[in-house]
Amino acid sequence: MSTSSGPLGTWSVLPDFMVKDLKNGECFRLDHLIKAFLEKLAADKKTNEATRQECLTTVARLDGMTREEMNAIMRKYEMKSPITGNDLSDAMEFNLMFSTSIGPTGLLKGYLRPETAQGMFVNFKRLLEFNSGRLPFAAAQIGNAFRNEISPRSGLIRVREFTMAEIEHFCDPDEKDHPRFASVKDQTLVLFSACNQMDGVAAQTTTIGQAVAKKLVANETLGYFMARIQQFLLRIGVDKARLRFRQHMSNEMAHYACDCWDAEILTSYGWVECIGCADRSAYDLTQHTKATGVKLVAEKKLPAPKTVDVVEPVIVKGVLGKQFKKDAKKVTDALTALSPEQLTEMENKLNEAGTYQLTAADGSSFAISKDVVSVKRHQKTVHVEEVVPSVIEPSFGVGRVMYALLEHSFRVREDDDQRTFFSLPPVVAPLKCSVLPLSGNSEFEPFVTQLSRELTTAGVSCKVDSASGSIGKRYARTDEIAIPFGVTVDFDTLKEPHTVTLRERDSRGQVRLPLSDVAPLVSNLSRGLTTWAEVEAKYPRFEQQETTKAGGDS
């Protein structure tokens with residue numbers, strides 16, 4: 001990422017704050033330090049109720065606090081280094097972007113990207129062309145991003161290199177309605193608004209339709225993506241009771257954003273921001289246009305033609321070329337980039353003084369005379385107008401979502417605390433089905449091979465476990481790696497008609513069904529087209545044989 005791209009200014013404007021141990025120089029991210037201290041104080045039984053409520057309110061407002069406010073909290077509670085107990089410095093800014101040197105000389109400074117979005121912004125014209133020049137449209141990208149975290153810790157929660165998946169939805173800045181909003185407007189979300197945070201009020205449940213109607217959420221398109229984010233998280237297995245959307249407060253929101261909400265998931269590390277959903281307005285495209293001189297706009301058809309006043313420079317290219325030589329293109333680009341107001345100012349300066357100081361995109365200055373350029377005014381009828389699209393951006397922290405999903409899916413059997421498993425929904429489980437012969441009997445092998453082949457052909461990822469050990473222990477092994485369904489080939493399979501048992505991981509319920517039904521049924525179960533309750537209603541429940549019981553499946 002170069003310094004001309006939009007986010008450099010953003011990440012410089014919105015740094016993190018850190019403090020140093022005054023004796024050993026160890027650094028701590030200040031908001032995390034305060035949060036940990038106050039949460040520990042609030043949990044202390046000796047803390048009175050007033051102090052406890054003050055701590056919880058401060059934690060809720062922490063993300064929006066200024067450096068001075070954080071310093072005041074540190075002084076109020078006399079915070080020390082959590083490791084050594086030494087005194088800490090006052091807060092200081094820390095830029096999260098990794099700087100690097102580009103090229104063999106090392107003179108050109110660059111930055112590792114803190115987000116993947118900019119690649120889509122610089123390719124906006126091509127993406128617009130792919131959509132036949134019409135708004136709205138969207139692009140998506142997944143890739144690595146880098147942030148120079150002050151104190152990376154907490155496993156996948158806070159690291160310096162991570163995977164992001166981002167969607168950039170480009171839309172008309174004056175028309176942010178969404179054609180599919182009606183399909184999600186009745187969906188309920190837990191919203192922790194900026195006002196709730198400031199007032200120390202708990203998050204509230206409301207429909208996304210009501211939130212948009214009350215302007216709590218800025219527009220339909222932003223609300224639509226928030227609802228779809230929740231649908232996605234619930235489908236992959238996140239617990240709805242531990243999911244909320246927190247609105248950025250005005251002093252923490254990016255300066256270009258109209259509105260921003262974070263999908264936060266409650267984990268053992270507390271509430272963790274996993275997905276951001278922001279209305280970035282037209283900031284990024286505008287910044288790239290200013291830096292490159294290339295207009296990143298879309299054409300919007302007008303309801304009726306209109307006549308507009310046009311002010312444009314008339315450049316005498318021959319004179320300009322002789323006067324500025326190698327800088328001629330730079331001067332030409334700077335002149336054509338002038339706004340009507342700037343052209344009027346230039347015209348007045350030329351008439352009064354005979355020269356005008358023109359500043360190019362790189363900051364260099366040129367003296368322009370009347371024989372180089374003049375200003376032309378005329379009217380023309382237009383049928384379209386140019387607009388700089390606004391951008392609605394859902395941004396997924398893939399590692400954080402994965403961690404939250406694994407934590408929410410971890411289970412312990414009620415009747416045996418030594419048996420643990422991951423209750424991942426079939427749609428996201430890496431392996432959908434296991435194939436287990438009851439024993440090492442060679443007569444089972446043809447049926448195991450047939451099942452494995454048919455499952456693979458049906459697009460179902462499967463694992464054959466023919467290792468020694470009881471069937472119960474092998475069930476436990478497959479449960480531990482989140483395989484939702486298990487097919488067992490037993491002695492009844494050898495009889496005509498050939499049948500097998502199908503086991504569901506979470507309930508441990510089993511049914512008996514024809515071997516030929518297994519592949520299509522597991523395929524439907526894995527894609528969410530059939531439920532286990534429907535399977536149990538259709539097929540007879542399996543009563544375990546003595547040989548299976550001896551295996552110890554519990």
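If you're wondering where the values come from, they're calculated on a predicted model, not measured in any experiment.

What counts as what
- Residues numbered from 1 in each chain as written.
- Predicted model: local features only at pLDDT ≥ 70, side-chain atom pairs only at ≥ 80, totals over all residues.
- Heavy atoms only, no water.
- Pairing = 2+ DSSP bridges.
- Helix = DSSP H or I, 4+ residues; strand = E, 2+ residues; numbered from the N terminus.
- Axes fitted to C-alpha atoms, helices over the stretch in contact; angles between N-to-C directions.
- Contact = heavy atoms within 4.5 Å.
- Domains from an automatic or database assignment.
- Buried < 20%, exposed > 50% of the residue type's maximum accessible area, 1.4 Å probe, protein only.
- Arc of directions from axis to C-beta.
- Phe/Tyr/Trp six-rings, centres within 6.5 Å; stacked < 30°, edge-to-face > 60°.
- Lys NZ or Arg CZ within 6 Å of the ring centre and 35° of its normal.
- 1 Å grid on protein atoms, 1.4 Å probe; cavity = no way out; pocket = protein on both sides within 12 Å on 5 of 7 lines; lining within 4 Å.
- Points joined across faces, edges and corners; volume = space filled by probe spheres on them.
- Nonpolar A, V, L, I, M, F, W, Y, C, P; charged D, E, K, R; others polar.

Chemist: I'd like to hear about the sheet that holds strand β24 (residues 510-514), residue by residue, with values.
Modeler: The strand order across the open sheet formed by five strands is β21-β20-β22-β23-β24, and the pairing between neighbours is mixed. Two strands in the sheet have a free side with no partner beyond their single neighbour: β21 (462-464) and β24. Between one strand and the next, the sheet's axes are offset by a mean angle of 25 degrees, whatever the strand orientation. Taken together, the five bridges between strand β23 (residues 499-504) and β24 define a ladder with antiparallel strand orientation. In the strand pairing of β24, Leu-502 is matched with Val-511. Along the sheet, helix α16 (residues 471-480) contacts β20 (433-437), β22 (485-489), β23 and β24; its crossing angle with β20, the most-contacted strand, is approximately 165 degrees.

Chemist: An account of the domain arrangement of the protein chain is needed here, citing residue identities and associated values.
Modeler: According to the domain assignment, the protein chain contains domain 1 (15-94), domain 2 (116-284 + 390-397), domain 3 (304-384) and domain 4 (424-550). Computed from C-alpha coordinates alone, the two centres of domain 3 and domain 4 are separated by 75 Å.

Chemist: So what's going on with helix α12 (residues 328-336)? Which residues, and what values?
Modeler: Burial in α12 covers these residues: Ala-328, Val-331, Ala-334 and Leu-335. Along the axis of α12, the buried positions cluster into a sector of 130 degrees, meaning they face one direction only.

Chemist: Would you mind going over the packing of aromatic side chains in detail, with residue names and values included?
Modeler: Within this structure, the stated rule accounts for 12 aromatic pairs. Here the aromatic rings of Phe-444 and Phe-491 are separated by 5.1 Å at their centres, their planes lie at 65 degrees, and the arrangement is edge-to-face. Of this pair, Phe-444 sits in the loop between β20 and α15 (445-457) while Phe-491 sits in the loop between β22 and β23, and the two are 47 residues apart along the sequence. Residue class for Phe-444 comes out buried when judged on its relative accessible area of 1%. The partly exposed category is assigned to Phe-491, whose relative accessible area is 35%. Three or more aromatic residues joined by ring pairs make a cluster, and in this case those are Phe-121, Phe-124, Phe-137 and Phe-170. The side chain of Arg-503 reaches across the aromatic face of Tyr-475, ending 4.3 Å from its centre.

Chemist: Tell me about the layout of surface pockets, and name the residues and values.
Modeler: By volume, the second largest pocket amounts to about 1300 Å³. Contributing to the lining of the second largest pocket are 38 residues, with Lys-295, Thr-336, Ala-337, Leu-338 and Glu-386 lying nearest its centre. Of all elements in the fold, only α10 (283-292), β13 (298-315), α12, α13 (340-353), β14 (355-359) and β16 (373-387) reach the threshold of two or more residues within the lining of the second largest pocket. Examining the composition of the lining of the second largest pocket, we find that eight residues originate from one element, β13, more than from any other. Each residue belonging to the lining of the second largest pocket can be placed in one class, and the counts come to 18 nonpolar, nine polar and 11 charged.

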